[in-house]
Amino acid sequence: MRFGKLAKDQLNIKGLSGYGVVIGCTLFLLTLIPGLSGLSMLSALIYWIVCISAWPRINGRNKRQIGLLICVGLVALVMALSTDVSIPFWHLLEGNLGIVAMLSAVSFLGLLPDTVKQSKPVVGSKGVVSTWASVQLLGAVINMSAVFVVGDKLQRLSKEMSTAQFSVIVRALTSAGWWSPFFASVAVALSIAPKAEFHHLAMIGVPIAVIACAMSLWEFKRNGSIADFVGFPLALSSLLFPVTLAALVLVFHYFILPDVAILSIVTLLSPLSVIVLLLLRNGPRHTKQRLTDHANIRLTGMANELSLFLAAGFLTTTVSLALKGVLGEGWSLFEQFGFIEAYSCFLAICGIALLGLHPIVGISLMSSVVPFNEVNNTLLAFVSLCAWAVGTTISPLSGINLSVSGKYGVDNFMLAKANLQYGAIMSLWVALAMFILSWSLQA
């Protein structure tokens, strides 16, 4: 009897954490209203409470990374306290709050109906391109869900999924991080470099994402896996909502709410658009049930990713304060931030990813030692995007590789190994893109 009551209490706590995520996100959106900016502290506090209460459910790998981030952050905080630097203690909890709220909001996009149920396979080069485009364009909005939508169908179409098929769905999703405003990578980039121009990032991000597909095609033709590749056809009907939503975000950002960060606009429009679509298609009763299930299942399971971003934000804030207190205002690791410095940061973050740490760890450290107000923000943001897109692909312990490994029973180290050549080739293209971008920004 006692064990039954305990299990029921734990279930209730788990369910409440999903609603805590909703409240935290709502409070963040309310800060967009003039005079309510103080609610950001309450939003951050609720998110921290949700993640602390979910600690027993966080997986061991994330616990180790979060523990490392918090410990280093506390050491930096002690260093900062020993100096004369002013420390806004509430601000310590608000690091990466915008990213956490955006992740909460875009999770609602997973409620979109599956519009690609009836599909016939395509093979060879067309299969690669079609599968890549399906995952990338759908994943640009619904993120990880696109991998499972396409992956499940590839699994049914193939007797056994090949290494090439796994590589395509992983690379296609991660390369969307070069340009999609609905991706955590873009949210992180615009968070550490708030003055970055998104349209400039997209103008260079889209071509490099296309190059990533072309390089994969070239690789598969060289190793002979292209002939037997069974792909997933691109369904144009499934792209109507993602394209409409992306266009809506850009219209709001550039014409309706030009003073509001694109990250906040994505956070606002993602759940609202999904709720409106569900109401129009299914009515209020079914929509209410879908939203309730989402809060009880998906949102309660977000503690793994949300806690990692909160801990990384804490690290960034405390390290920045420590450096400011010890080395003085305006200190930066580099006297200037051009191509050499940017590419060095990219390689360092990818190296950290290969060691098993999430790219957000390296990006957080970079933002601490390279203050955004001292460098060109667009170049700084592009470093973050590139490090995320390449780093998550080649890391055996990245979220995408672990998710695909767990879902389809394939070894995550094999997935990462299969992407090492791709990572090396894309690093060369990144070097060229960074050189062109740094040159054009100086011109």
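Residues numbered from 1 in each chain as written. Predicted model: local features only at pLDDT ≥ 70, side-chain atom pairs only at ≥ 80, totals over all residues. Heavy atoms only, no water.

## Some words on helix α10 (residues 240-256)
Thinking step 1. If you check α10, its first and last C-alpha atoms are 22 Å apart, about what 17 residues at 1.5 Å a residue would give, namely 24 Å.
Thinking step 2. Buried within α10 we find Phe241, Pro242, Leu245, Val249, Phe252 and His253. Buried residues of α10 fall within an arc of 105° about the axis and therefore sit on the same side. In this structure, α10 carries Leu240, Val243 and Phe255 as exposed residues pointing more than 90 degrees from its buried face.
Thinking step 3. Against α5 (124-142) and α11 (262-298) lie the buried residues of α10. (Helix = DSSP H or I, 4+ residues; strand = E, 2+ residues; numbered from the N terminus. Expected span 1.5 Å × (residues − 1). Buried < 20%, exposed > 50% of the residue type's maximum accessible area, 1.4 Å probe, protein only. Arc of directions from axis to C-beta. Contact = heavy atoms within 4.5 Å.)

## Considering the packing of aromatic side chains
Thinking step 1. Scanning the entire structure with this criterion turns up eight aromatic pairs.
Thinking step 2. A centroid spacing of 6.5 Å and a plane angle of 20° characterise the contact between Phe220 and Phe229, whose relative ring orientation is stacked. Across the pair, Phe229 and Phe220 agree in class, each one buried.
Thinking step 3. Ring plane angle 25° and centroid distance 5.5 Å describe the contact between Tyr343 and Phe346, whose orientation is recorded as stacked. Of the two residues, Tyr343 and Phe346 are both situated in helix α13 (residues 339-354); the distance of three residues between them amounts to about one turn of the helix.
Thinking step 4. Residue Tyr343 is classed as buried on the basis of its relative accessible area of 16%.
Thinking step 5. Judged by relative accessible area, which is 0%, Phe346 ranks as buried.
Thinking step 6. Following the ring pairs from residue to residue traces out a cluster consisting of Phe339, Tyr343, Phe346 and Phe435. (Phe/Tyr/Trp six-rings, centres within 6.5 Å; stacked < 30°, edge-to-face > 60°.)

## Focus: the layout of surface pockets
Thinking step 1. Considered as a void within the structure, the largest pocket measures approximately 1,300 Å³ in volume.
Thinking step 2. Lining the largest pocket we find 42 residues, and of these His91, Ser191, Ile192, Pro194 and Phe372 sit closest to its centre.
Thinking step 3. Among the elements of the structure, α4 (97-106), α8 (184-192), α10, α11, α12 (303-327) and α14 (359-369) are those that each provide at least two residues to the lining of the largest pocket.
Thinking step 4. Considering each element in turn, the lining of the largest pocket owes the most residues, seven residues, to α12.
Thinking step 5. When the residues that make up the lining of the largest pocket are grouped by side-chain class, the tally is 19 nonpolar, 18 polar and five charged.
Thinking step 6. Around the second largest pocket, the lining comprises 39 residues; the ones closest to its centre are Met144, Arg298, Glu305, Gly399 and Ser403.
Thinking step 7. Those elements that provide at least two residues to the lining of the second largest pocket are α3 (60-81), α4, α6 (144-157), α7 (163-175), α11, α12, α15 (377-394) and α16 (399-408).
Thinking step 8. A total of five residues in the lining of the second largest pocket trace back to one element, the largest contributor, which is α11.
Thinking step 9. Residues of the lining of the second largest pocket, tallied by class, amount to 19 nonpolar, 15 polar and five charged. (1 Å grid on protein atoms, 1.4 Å probe; cavity = no way out; pocket = protein on both sides within 12 Å on 5 of 7 lines; lining within 4 Å. Points joined across faces, edges and corners; volume = space filled by probe spheres on them. Nonpolar A, V, L, I, M, F, W, Y, C, P; charged D, E, K, R; others polar.)

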